[in-house]
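# Working through the structure, step by step
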Amino acid sequence: MVEFFIDTASIAEIKNVLPFGVISGVTTNQKIFSCEKGINFKDRVQEILSVIDAPLSIEVTKTNESDEALVAEAKEYSSWSPKNIVIKIPMWANGRGLVLASKLHKEKIKTNVTCLMTTNQVVLAALSGATYASIFYCRVRDAGGDPVKVVQDSKRIIEESGSKTKIIVGSIRKPEDVAEAAAAGAHIITITPKVLLQMPFHQKTEDTIKEFDQAWLEFKASCKE
Ligand code: E4P
């Protein structure tokens, strides 16, 4: 069964959807954190984990520094909660992300190789030992690719090879994207609160509920005391 993660760093948004009982992880990136003004990064990460005891992806940021600085950043984040913190590593064109992912894999640090647009990138992430590989669904489409095919092909290759890497599909913009990605075989879909909150709604469902409520009222009115 597909799993759903929530794509936000907002405590209020996480608390709002947690009671649905459908969320089993959290993903973030620098852009998502930039919406959370005036907070302390480490405090917020710990606060998220106090609300939900589940995998939380946070991205390395020291991209203009040495490989050693990146490894140190990843290790520091992971030390905050080795069980739940997942280090997000971009698929840099020069392979630097793969070097980092394979190094962290050897040290048993969980990783999420991210910003993936092609099946080749997903395969590379899986071979590097990534815990998760994040396909950016709508950005694939923006770039002229076919996200359904990328998810389907990646899933098949991963399954046939026996790799343990889980595919996370992110960059979801509407409920229909979630259904497509799930049908294509995503292990996990990370969904913004805005999209998740739209998912229970269908006008015909609303109309049907009203119809049944009305029928019940009519039935009750006809009943003997
Ligand atoms: C997933 O891990 C990313 O955080 C996110 O889904 C990216 O989505 P965007 O294309 O809306 O930036």
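A brief report on the enclosed structure follows. (Residues numbered from 1 in each chain as written. Predicted model: local features only at pLDDT ≥ 70, side-chain atom pairs only at ≥ 80, totals over all residues. Heavy atoms only, no water.)

### With respect to the site of the ligand
The following threshold applies: Think of it this way: one heavy atom of a residue within 4 Å of a molecule or strand is enough to make that residue near it. Throughout this description, a polar contact denotes any pair of N or O atoms lying within 3.5 Å of each other; where both atoms belong to protein, one of them has to be capable of donating a hydrogen while the other can accept it, and for residues adjacent in sequence the pair is counted only when both atoms sit in side chains. Accessible areas in this description were obtained via Shrake-Rupley with a 1.4 Å probe; residue shielding takes into account the shown protein chains only. Think of a 1 Å grid over the protein atoms and nothing else: a 1.4 Å probe that fits but is trapped marks a cavity, an open set flanked by protein within 12 Å on at least five of seven lines marks a pocket, and residues with an atom within 4 Å of a point count as lining. For a molecule to be placed in a cavity or pocket, more than half of its atoms must lie within 2 Å of the grid points of that cavity or pocket. Think of it as three bins: nonpolar holds Ala, Val, Leu, Ile, Met, Phe, Trp, Tyr, Cys and Pro, charged holds Asp, Glu, Lys and Arg, and polar takes everything else, Gly as well.
Every residue lining the ligand is accounted for by Asp-7, Asn-29, Ile-32, Lys-88, Phe-136, Arg-139, Gly-170, Ser-171 and Thr-190. One of the side-chain N or O atoms of Asn-29 is found 2.9 Å from an oxygen atom in the ligand. Interatomic distance of 2.7 Å between a side-chain N/O atom of Lys-88 and an oxygen atom of the ligand. Surface burial for the ligand is 86%, taken as the share of its 350 Å² of free accessible area covered by protein chains. A majority-of-atoms criterion places the ligand in the largest pocket. The class makeup of the residues in the shell around the ligand is two nonpolar, four polar and three charged.

### With respect to the pairing of strand 5 (residues 111-116)
Worth spelling out the cut-off: Here the term buried applies to any residue with accessible area under 20% of the maximum for its type, exposed to any over 50%, and partly exposed to those in between, with areas from a 1.4 Å probe on protein chains only. Note on conventions: DSSP H or I runs of at least 4 residues are helices, E runs of at least 2 residues are strands, and numbering of each starts at the N terminus. Two strands form a pair only when DSSP identifies at least two bridges running between them. Crossover handedness is defined here as right-handed if the route from the first strand over the helix to the second strand goes clockwise, with the strands pointing away from the viewer.
Of all six residues that make up strand 5, five are buried, and the element is covered over most of its length. Sheet topology note: the strand 4 (residues 85-90)/strand 5 ladder contains four bridges and is parallel. Paired with Ile-87 across the bridge in strand 5 is Thr-111. Between strand 4 and its parallel partner strand 5, the chain crosses via helix 5 (residues 96-106), and the hand of that crossover is right-handed. In this structure, strand 5 lies alongside strand 6 (residues 132-136), joined through three bridges in parallel fashion. Counterpart to Asn-112 in the pairing with strand 6 is Tyr-132. For the segment spanning strand 5, helix 6 (residues 119-127) and strand 6, crossover handedness is right-handed.

### So, the pattern of salt bridges
Rules: The rule for a salt bridge is simple: a side-chain nitrogen of Lys or Arg has to be within 4 Å of a carboxyl oxygen of Asp or Glu.
For the structure on display, the rule yields 13 salt bridges. With a closest N to O distance of 3.6 Å, Glu-47 and Arg-44 form a salt bridge. Of this pair, Glu-47 and Arg-44 both sit in helix 3 (residues 41-51), three residues apart, roughly one helical turn. Residue classification places Glu-47 among the partly exposed positions, given a relative accessible area of 36%. Put simply, Asp-53 and Lys-83 hold a salt bridge, and the shortest N to O gap is 2.9 Å. Here Asp-53 is found in the loop between helix 3 and strand 3 (56-59), whereas its partner Lys-83 is found in the loop between helix 4 (67-80) and strand 4, with 30 residues between them in sequence. One exposure class covers both Asp-53 and Lys-83, and it is exposed. One salt-bridge network, held together by shared partners, links Arg-141, Lys-174, Asp-177 and Glu-180.

### A closer look at the nonpolar core
Generally speaking, a soluble globular protein has its nonpolar side chains buried in company with each other. Under the convention used in this document: To qualify as a nonpolar core, a set must consist of buried Ala, Val, Leu, Ile, Met, Phe, Trp, Tyr and Cys residues joined through side-chain atoms within 4.5 Å. Residue contacts are defined here by distance: any two heavy atoms, one from each residue, within 4.5 Å place the two residues in contact.
Ile-48, Leu-56, Ile-58, Ile-85, Ile-87, Val-169 and Ile-189 are the most contacted members of the largest nonpolar core, which has 57 residues in total. With five residues, the single largest contributor to this core is helix 4. Apart from the residues within four sequence positions on either side, Ile-58 is in contact with Thr-28, Phe-33, Phe-41, Val-45, Tyr-77, Trp-80, Ile-85, Val-86, Ile-87 and Lys-88. One finds Phe-5, Val-86, Ile-168 and Ile-188 within the second-largest nonpolar core, a separate group that totals five residues.

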